Amino acid sequence: MNTIKDKRIRIICGHYGSGKSEFSVNYIKNLKKNYDKVALIDLDVVNPYFRSREKAEELENEGIRVISSSIKGSNADLPSLAGDINVPILDKSYEVVIDLGGDSVGARVLGRYREDIANDSYDMLVVLNANRPETHTPQQAITYIKSIEESAGLKVTGIVNNTHLLKSTTIEDVMRGQKLAEEVAQELGIDVRYTACMERLADELPEELKDRYFPIGMHLRKEWMS
């Protein structure tokens, strides 16, 4: 895993249940190991559950700047965004992760920042979970990706295979998702940037996938959730 190779602004999107926000939190924590100034921007105004901003206090204690809703309180789910979202986008001293809403409606929020992002260096990564019915086949995933691109006005540049069944995930699940991700990536002319899975499965990954392995810890789900 080498997040340093990704562009300065990383936009993370994915369908509900893909593990998009979990990936975003894990990503920003890894990014902090290599950079002093990092910011997580939570633009998910659609999904009321498992939002990256729920970990704002923990992340800020680690020196990570978190920006999301201007309405304080984790129970508020109003589409009201903080006025300082553009600060780390425009300030090139920041490394940025944007956790985007999970569907084409959520992606529209990015529109007001599109010009500033497009004028900079960015990657837009789609998190795919082959176990989700909405992205279960290559064609479904491609249709989803194109809808995100149309709404956001930005191109997807890479795919993250995050196929999982939470704590019941097996290496067979991961590899089935890898096949889906590679078929989609080939069709769209982009790459599978990361293969995400829990550390207990890392040794079972084929050798050719270990350079893109991304370890996932469960930060947004309580221990009793399976």
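Residues numbered from 1 in each chain as written. Predicted model: local features only at pLDDT ≥ 70, side-chain atom pairs only at ≥ 80, totals over all residues. Heavy atoms only, no water.

### Quick look at the overall build of the protein
Helix and strand counts for the protein come out as seven helices and eight strands. Taking the intrachain contacts of the protein between residues at least 6 apart in sequence as the baseline, contacts between residues at least 24 apart amount to 74%. Surface summary for the protein: the accessible area is close to 10400 Å², and the carbon and sulfur share equals 49%. (Helix = DSSP H or I, 4+ residues; strand = E, 2+ residues; numbered from the N terminus. Contact = heavy atoms within 4.5 Å. Areas by Shrake-Rupley, 256 points an atom, 1.4 Å probe, with all protein chains shown as cover.)

### Considerations on the environment of Val-87
Following the sequence through the fold, Val-87 ends up in helix H3 (residues 86–90). According to the relative accessible area criterion, Val-87 is partly exposed, its value standing at 37%. In this structure the C-alpha to C-alpha distance between Val-87 and Ala-39, which are 48 residues apart in sequence, comes to 9.7 Å. (Buried < 20%, exposed > 50% of the residue type's maximum accessible area, 1.4 Å probe, protein only.)

### So, the sheet that holds strand E7 (residues 191–197)
Read from one edge of the open sheet, eight strands run E3-E2-E4-E1-E5-E6-E7-E8, paired in parallel fashion. The sheet terminates laterally at strand E3 (65–67) and strand E8 (213–215), the two strands that pair on one side only. Neighbour-to-neighbour, the strand axes of this sheet turn through a mean angle of 25 degrees, independent of strand direction. Here four bridges tie strand E1 (residues 9–14) to strand E4 (residues 95–100), and the two strands are oriented parallel to one another. Residue pairing in the sheet places Ile-9 in a bridge with Val-96 of E4. Across the face of the sheet, helix H7 (residues 171–188) comes into contact with strand E5 (122–128), strand E6 (158–161) and E7 while running at roughly 165 degrees to E7. (Pairing = 2+ DSSP bridges. Axes fitted to C-alpha atoms, helices over the stretch in contact; angles between N-to-C directions.)

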